[in-house]
Amino acid sequence: MILHTTEEGQGTAIVLIHSGGMTGDSEYEEQSSYLAERGYRVIRPDLRGHGKSVGPFDQFFNRTVEDLKETVLHLGIEKCHVAGVSIGGVAAVLFAKRYPELVVSATFSGISPTMGEDYSERLQEEQAHYETLFKDEEISRILTELHTDNDWKALLTSFNTADFYPYEQLKSVASMETPLFCIMGDELLHEVEAAAEFKRLQPAMQLAILPSAGHLVHRDQPENYSRHLLEFISSIEI
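Let us look at the structure shown here. Fair warning: this is a prediction, and the values are worked out from it, not measured in the lab.

The next subject is the pattern of salt bridges. Within the structure shown, the criterion is met by 11 salt bridges. The salt bridge partner of Glu-7 is Arg-41, with a shortest N-O separation of 2.8 Å. Separated by 34 residues along the polypeptide, Glu-7 in strand β1 (residues 5-8) and Arg-41 in strand β3 (residues 40-45) bring together distant segments of the chain. Measuring nitrogen to oxygen at the nearest pair gives 2.7 Å for the salt bridge that ties Glu-27 to Arg-219. Remark: Arg-219 occurs in helix α9 (residues 217-220) and Glu-27 occurs in the loop between β2 (12-17) and α1 (29-36); sequence separation between them is 192 residues. Among the charged side chains, a network of salt bridges with common partners joins Glu-66, Lys-69 and Arg-98.

Turning next to the sheet that holds strand β7 (residues 206-210). If you walk across this open sheet you meet the 7 strands as β1-β3-β2-β4-β5-β6-β7, and the pairing is mixed. The sheet is open, and its two borders are formed by β1 and β7, each paired with just one other strand. Averaged over all adjacent pairs, the angle separating strand axes in this sheet is 15 degrees, with direction ignored. Relative to β3, β2 runs parallel, the two being bridged by 4 bridges.

Moving on, we come to empty space enclosed by the protein. Applying the stated rule across the entire model yields 1 cavity of 30 Å³ or more. In this structure, the largest cavity encloses a volume near 40 Å³. Around the largest cavity sit Leu-3, Val-15, Ile-43, Pro-45, Leu-68, Thr-71, Val-72, Leu-75 and Ile-77, which together line it. When residues in the lining of the largest cavity are grouped by element, the largest group, 3 residues, is from helix α2 (residues 60-74). Partitioning the lining of the largest cavity into residue classes produces 8 nonpolar, 1 polar and no charged.

Moving on to unusual backbone geometry. Trans peptide bonds make up the majority, and among non-glycine residues the majority have a negative phi. Phi angles above zero are rare outside glycine, and Thr-148 is one such case at about 45 degrees. Within the secondary structure, Thr-148 is located in the loop between α5 (137-146) and α6 (152-158). Non-glycine residue Ser-212 carries a positive phi angle of around 55 degrees. Residue position: Ser-212 is located in the loop between β7 and α9. A relative accessible area of 48% means that Ser-212 is categorised as partly exposed.

Here the focus is the packing of α1 against helix α10 (residues 222-234). Close contact between α1 and α10 brings their axes to 10 Å; oriented N to C, the two are set at 45 degrees. Looking at the two axes, α1 sits oblique to α10. The handedness of the crossing between α1 and α10 is right-handed. Residues Glu-30, Gln-31, Tyr-34 and Leu-35 of α1 pack against Pro-222, Tyr-225, Ser-226, Arg-227, Leu-229, Leu-230 and Ile-233 of α10. Residue composition of the contact of α1 with α10, grouped by class: 7 nonpolar, 2 polar and 2 charged.

What counts and what doesn't
- Residues numbered from 1 in each chain as written.
- Predicted model: local features only at pLDDT ≥ 70, side-chain atom pairs only at ≥ 80, totals over all residues.
- Heavy atoms only, no water.
- Salt bridge = Lys/Arg side-chain N within 4 Å of Asp/Glu carboxyl O.
- Helix = DSSP H or I, 4+ residues; strand = E, 2+ residues; numbered from the N terminus.
- Pairing = 2+ DSSP bridges.
- Axes fitted to C-alpha atoms, helices over the stretch in contact; angles between N-to-C directions.
- 1 Å grid on protein atoms, 1.4 Å probe; cavity = no way out; pocket = protein on both sides within 12 Å on 5 of 7 lines; lining within 4 Å.
- Points joined across faces, edges and corners; volume = space filled by probe spheres on them.
- Nonpolar A, V, L, I, M, F, W, Y, C, P; charged D, E, K, R; others polar.
- Buried < 20%, exposed > 50% of the residue type's maximum accessible area, 1.4 Å probe, protein only.
- Parallel < 35°, antiparallel > 145°, perpendicular 65-115°, else oblique.
- Left-handed = near helix turned anticlockwise from the far one by under 90°.
- Contact = heavy atoms within 4.5 Å.

The structure is reproduced here in structure tokens:
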């Protein structure tokens, strides 16, 4: 499936992959402008089931990796950097793992290779958060407009199924040769612990813990995140 994309700038390509429930156009705005102004071609796709990329979302990550490949090739891109947050971070890692010939580097935030001891509690909190969203008429109106013909309520609900998150696949960072960069915020202990586990699995990976930032580190610390990302990708020769 060729994904709907938002593009900005010219030069070396970087694909910025949004979090669950968002779209390419509604996330990574600051980073897109920052990188485009510095000589990068920034591509922000709507993942399947999001925005204007209408399609089934069963086997979400497997389908998403193939979607990213088809979209990159459709855009005439031979190699690109990828960066993503939350489910977008998962997609970035899995895309780089399956198609290393297409990926120069992968940067990720807000993901984990292990469930953690508080997994069940966090899952319940997330479900309660979704139920609150579903009952809020104004938020529901905004998300319905954002996701056009996609069933965003079913999409978000699917994220909380027991087998949705590919923990074992994320442990594959241990064998990856693609340059990796993990950027996490310091406010959530389980994400700091996840960063440490990623580093243990792949010692060659670069790691940054940004202060005063939570799950969506690129939003909480946009300038700091952008600066770290640029420094990383500009250090890698294509």
